[in-house]
Structures are given as C-alpha cells and as structure tokens.
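Examining the three-dimensional arrangement
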Amino acid sequence: MARIREDASEISLDPDNWDEMRRLAHGMVDDAIARLQGLRDGPVWQPMPAATRQGFEGPPPAKGTPLDAVYADVTGTLYPYAMGNIHPRFWGWYMGAGCLTGALADFLAGVDGTNLGGGDTGAAQVDLQVTDWLRQMMGFPEGASGILVNAGSMANIVGLTAARNAMAGVDLHQQSVADIAAPLRFYASDQVHNCHMKAMNLLGLGAKALVRVPTDDAFQMDMDALRKAIQADREAGLRPACVIATAGTTNTSSIDPVPEIADLCGEEGLWLHVDGCIGAMFAIAPESRHLVAGIDRADSLALDLHKGLQAPFDVGCALVRDRRIHRATFAEDAEYLQVATRGLAAAEFLHDYGPETSRGFRALKVWMMLRQFGVETFGRMLDQTVAQARHLTSLVEKEPQLALMAPTVAAVVCFRHEPDGLDEAGLRAHNTEIMLRLQETGIAVISDTTLRGRHCLRVAICNHRTRSEDLDLLVAEVLRIGADLLQPA
Ligand SMILES: *Cc1c(COP(=O)(O)O)cnc(C)c1O
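Below or above, wherever it landed, is the structure these notes cover. (Residues numbered from 1 in each chain as written. Predicted model: local features only at pLDDT ≥ 70, side-chain atom pairs only at ≥ 80, totals over all residues. Heavy atoms only, no water.)

**What about the packing of helix α6 (residues 152-168) against helix α7 (residues 195-202)?**
Viewed as axis vectors pointing N to C, α6 and α7 meet at an angle of 45°, and their least axial separation amounts to 9 Å. When the interaxial angle is binned, α6 and α7 end up oblique. Regarding α6 and α7, the two cross each other, and that crossing is right-handed. Residues S153, N156, I157 and L160 of α6 touch α7, and the partners they reach there are C195, H196, A199, M200 and L202. Here the residues of the contact of α6 with α7 are counted per class, giving 6 nonpolar, 3 polar and no charged. (Axes fitted to C-alpha atoms, helices over the stretch in contact; angles between N-to-C directions. Helix = DSSP H or I, 4+ residues; strand = E, 2+ residues; numbered from the N terminus. Parallel < 35°, antiparallel > 145°, perpendicular 65-115°, else oblique. Left-handed = near helix turned anticlockwise from the far one by under 90°. Contact = heavy atoms within 4.5 Å. Nonpolar A, V, L, I, M, F, W, Y, C, P; charged D, E, K, R; others polar.)

In structure tokens:
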C-alpha cells in the first residue's frame with residue numbers, strides 16, 4: 001500500500017501522544033471498576049447543588065481543554081449526581097442497572113464505529129444474530145423478523161406501525177391515513193404505557209384511535225369489555241385493527257390474558273401486538289415463564305433489553321411475525337440506497353425494518369452479555385427479581401401499618417404506609433414525603449403511582465445487584481420515616 005505523508009498541519013482527532021492517551025484510558029477503566037465495586041457504600045442518588053448546576057451554563061468551548069481536565073469534570077461533577085439506577089437499592093420505575101460487560105461493549109462498539117444501517121460487515125452479523133437469538137428466546141417462528149431499536153417505546157412504535165399498515169387497506173407509502181376507508185381502532189387496557197398514546201399521535205391516527213378497555217381487580221384487561229368495545233366499533237362503522245396486550249404493566253406488572261386475547265384476535269381478524277417491555281423476558285425464566293404464556297402468538301412484540309437483560313441504556317427490540325409486512329412497512333426506495341451484488345453494500349439493508357437510517361452498534365453489548373452469561377443465567381436472575389418481590393410482599397403483609405395495594409404478579413410491589421387517622425389526601429402527602437426522604441437521604445429510590453384513585457409507593461425490582469436484605473432495610477426505613485413524620489413537630 002502506498003505510504004501517505006504525515007502532515008502535522010492537517011487536523012485529525014486522533015491523539016498526538018498515543019502513550020499518554022493509553023494511560024488516561026486505562027485510568028478511566030480503573031475508575032469505572034472502582035465505582036462499581038464501591039456502589040453499595042454510597043447514596044443511591046443525591047440532588048445536584050445549585051453552584052454545580054451553574055457550571056453547565058455558558059457558551060460552547062471555542063478552544064480545546066486537555067482531556068484529563070475534561071475527565072476530571074466527569075468524575076467530579078457528573079458521577080456524584082447520576083440517576084442511581086446502577087445502585088443495588090434503586091427500584092424507581094422499571095429500569096435496569098446495566099453491567100460492566102455491556103459498558104465495555106458500548107466502548108468497543110464506539111471504537112469499531114460501524115453504522116448498522118446496512119452493509120456487509122461483522123457488526124451486521126452480530127446485529128442479525130442478536131435479533132435471531134431474541135426471536136428464539138421469545139418462541140417466535142423461524143422467518144419472523146426483528147430490529148434492534150433504542151428502547152421499548154420505539155419497539156412499540158415499530159410494531160404498531162406494522163399493525164397500522166397491515167390493517168389500513170391502502171398503501172400508506174402512496175396514500176395517507178385520510179384515505180383509509182374507515183377510522184382504525186386500537187384497543188389497550190387502562191393500564192397501557194403512555195408510549196402508545198405517543199404512537200397514535202406519530203402514526204397520524206390521533207388519541208381517539210386508542211380505545212381504553214377497563215381492567216379487573218387484578219389490573220388485567222377485562223375480556224368482556226374488550227369484546228363489547230370491538231363489537232360496538234364495528235356497528236358504528238369503524239375498523240377495529242389491533243389489540244395491544246401488555247405483558248407486565250408499568251403500574252403493577254399485571255399481565256393481560258394474552259392467550260384469550262390471541263384467540264379473540266384470530267376470530268376477529270385483528271393484529272395482536274404485545275407490549276412485553278417488562279414481562280416478555282420472563283419467557284426465559286423457568287419459574288416465571290408461565291406468566292407470559294402465549295406471547296409467542298403475537299403478530300408483533302416489543303422487548304426492552306436495558307430492562308430485562310440489564311444491558312446499559314439503551315437498547316430495545318421489535319419482533320414481527322410476518323417479515324414481508326415488516327419490511328413493506330418501512331422500506332422506501334432511493335437511488336443512493338441500492339443493494340449491490342458485490343462490495344460493502346452487498347447486504348440487506350437493516351434500516352428497511354425500522355424508522356432509523358443510521359443505526360449504532362448496540363447489538364454488541366447484548367451479544368457479549370448473552371455469550372458471557374448465557375440465557376439460563378438471565379432466566380434465573382429474572383426469577384430472582386420475582387422472588388425478591390414476593391419477599392417484599394410478605395414483609396408488607398406482616399406489618400400492620402403497611403398495606404399491599406395491588407396483587408404482586410411479577411417484580412413490582414405497590415404498598416403504602418397507613419397509620420390511623422389519615423384520610424386519602426393525608427395518606428398521599430404522608431407517603432409522598434416518605435418516598436422523597438428515601439430519595440433525598442440516598443437510602444433508596446422508589447417511585448409512586450395512583451391505583452383506582454388511591455396513592456401508593458411503587459417498588460419495581462429490575463436490578464441484578466439487589467439482595468433480599470436491601471428490601472428488609474427498605475421496609476425498616478419506610479416504617480422509621482413514617483413514624484418520624486407522625487411525631488408532633
Ligand atoms: C418501559 C416501558 C415502555 C417504554 O420503554 P422505554 O425503554 O422506556 O422506551 C413501554 N411499555 C412498558 C410496559 C414499559 O414498562
């Protein structure tokens with residue numbers, strides 16, 4: 001190969017001194033490992049002081065700063081104020097705690113730099129293999145397609161877009177939603193995640209297109225109400241298109257009756273989309289997989305891998321049973337994007353299966369983690385979160401001042417402190433204060449919600465670092481703070 005003349009007058013972002021860069025990079029890895037090793041001893045979260053916050057104001061830097069000084073700001077002013085979801089006592093919302101292998105993979109993916117929009121590359125093989133592994137883990141048939149996306153919301157949008165296009169009766173690449181003969185209707189329970197409302201908006205269908213079906217005492221979709229809603233819409237001249245079943249709701253982790261919904265979709269000729277962001281991954285967990293039986297019958301399934309698999313943020317996946325429909329939904333022709341028979345472009349375009357064109361190499365973290373730990377380890381880890389939720393539930397049930405607010409299905413526990421003499425508004429204020437003090441003292445991060453008008457604390461266990469004793473501590477602290485709040489000032 002011809003040698004290219006080194007010319008210091010031309011700019012490159014590579015380091016001038018590779019040895020110095022190597023030392024700095026190794027130091028970053030050492031610090032990251034020390035940070036993870038010491039997590040348990042620090043606060044879960046702490047608020048950023050106003051003075052530190054002010055450091056983020058000002059114009060963009062016109063001149064450069066040595067990287068070691070920039071990095072010192074990362075450790076000094078960012079690390080202490082992280083969300084805390086990597087901490088063993090983070091149970092706010094349902095998030096995921098990440099892991100070092102995944103973080104190293106993100107670094108390696110960045111160095112590799114491959115754009116996963118398409119192309120004949122090793123990275124594309126990894127991307128395709130990860131979606132195929134996920135297809136098999138979820139029990140989807142061979143030939144079904146999948147696409148890695150940034151997160152669960154986008155995975156749901158991919159599935160709902162395929163549903164809309166499959167059920168529209170017109171070609172939406174040529175025509176618009178206004179050309180659909182009758183307005184489409186999607187059905188989801190009143191516990192549905194709000195990303196589905198966003199999806200209706202983005203899909204041009206509007207909020208009216210999402211029919212909210214009531215849930216029963218266990219927060220599962222009421223099948224009679226669903227049947228009636230579909231019937232009534234047909235009679236009104238609307239076009240029922242899709243049922244969105246939630247396998248693991250955000251509020252309580254309740255799971256809609258997927259097999260019955262799948263039967264109904266079969267009878268009615270409707271698309272079945274399963275939002276499995278919380279629950280689908282339980283399909284690999286020996287003790288819990290019965291909870292999500294039937295999700296393999298979905299026409300499309302949304303998965304969240306930063307939740308169930310503890311991959312660092314962010315990565316999700318949409319699976320679609322009918323590959324032709326999936327591709328026809330997203331593929332658009334362009335002269336500058338032609339599949340070649342030779343060379344780098346001689347490969348299927350992965351961007352034909354989703355809304356993104358350029359795509360990051362987020363597959364690598366999932367691939368490395370699945371290979372290092374194996375599916376069985378993840379299955380046992382997910383079972384462990386359910387067992388921990390049951391442990392917490394039993395602690396709540398034993399404590400006369402605590403009340404369980406919803407059945408514990410998977411890994412979410414809803415409860416509240418219920419001292420005598422407080423009405424509903426008083427209980428809301430009291431429990432909100434308990435939650436905030438837990439957060440502000442760095443003891444634990446939990447969230448709250450309102451179930452049928454009743455406020456409660458919400459503990460979502462999606463964390464491979466949690467130990468049962470952390471939950472013992474949580475209950476003790478809720479009782480301690482609750483009692484403190486009742487002391488006359
Ligand atoms: C988390 C979640 C989503 C959204 O996923 P993101 O990864 O946050 O985009 C959608 N549906 C359910 C049920 C979820 O729990």
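**Comments concerning the sheet that holds strand β9 (residues 412-417)**
Strand order in the open sheet formed by 4 strands is β8-β9-β11-β10, with antiparallel pairing between adjacent strands. Only two strands of the sheet have a single neighbouring strand rather than two, namely β8 (402-404) and β10 (447-451). With strand direction ignored, the average angle separating the axes of adjacent strands in the sheet is 40°. Relative to strand β11 (residues 454-460), β10 runs antiparallel, the two being bridged by 5 bridges. (Pairing = 2+ DSSP bridges.)

**Regarding the pattern of salt bridges**
On inspection of all chains with the given rule, the structure shows 19 salt bridges. Note that E469 is salt-bridged to R467, the shortest N-O span being 3.7 Å. A relative accessible area of 47% places E469 in the partly exposed class. Under the relative-accessibility criterion, R467 is labelled partly exposed at 43%. Residues participating in the shared-partner salt-bridge network are R40, R89 and D470. (Salt bridge = Lys/Arg side-chain N within 4 Å of Asp/Glu carboxyl O. Buried < 20%, exposed > 50% of the residue type's maximum accessible area, 1.4 Å probe, protein only.)

**Considering the site of the ligand**
S153, D275, D304, H306 and K307 are the nearest of the 14 residues found near the ligand. A distance of 2.7 Å is found between an oxygen atom of the ligand and a side-chain nitrogen or oxygen belonging to S153. With respect to the ligand, the side chain of D275 contributes an N or O atom lying 2.7 Å from a nitrogen atom. Its free accessible area being 380 Å², the ligand has 86% of it covered by the protein chains. Considering each element in turn, the shell around the ligand owes the most residues, 3 residues, to α6. (Near = heavy atom within 4 Å. Polar contact = N/O pair within 3.5 Å; in protein donor to acceptor, adjacent residues only side chain to side chain. Areas by Shrake-Rupley, 256 points an atom, 1.4 Å probe, with all protein chains shown as cover.)

**Observations regarding the sheet that holds strand β5 (residues 271-275)**
One open sheet accounts for 7 strands, arranged β1-β7-β6-β5-β4-β2-β3; its pairing is mixed. A single partner strand is all that each edge strand has here, and the edge strands are β1 (145-149) and β3 (210-213). The average undirected angle you get between the axes of adjacent strands in this sheet is 20°. Sheet strands touched by helix α8 (residues 223-235): β2 (184-189), β3 and β4 (239-246). Its angle to β2, the strand with the most contacts, is close to 165°.

**Brief notes about the nonpolar core**
Counting residues in hydrophobic clusters, the biggest one holds 100 residues, and the most contacted among them are M138, L226, I295, L305 and V459. Looking at which element gives the most residues to this core, the answer is helix α11 (residues 363-398), with 14 residues. Setting aside chain neighbours within four positions, we find M138 in contact with A280, M281, A283, I295, D296, L301, L303 and L319. Among the nonpolar cores identified, the runner-up in size contains 24 residues, and F186, V192, L210 and I244 belong to it. (Core = buried A, V, L, I, M, F, W, Y, C linked by side-chain atoms within 4.5 Å.)

Shape descriptors only; they carry no functional weight alone.
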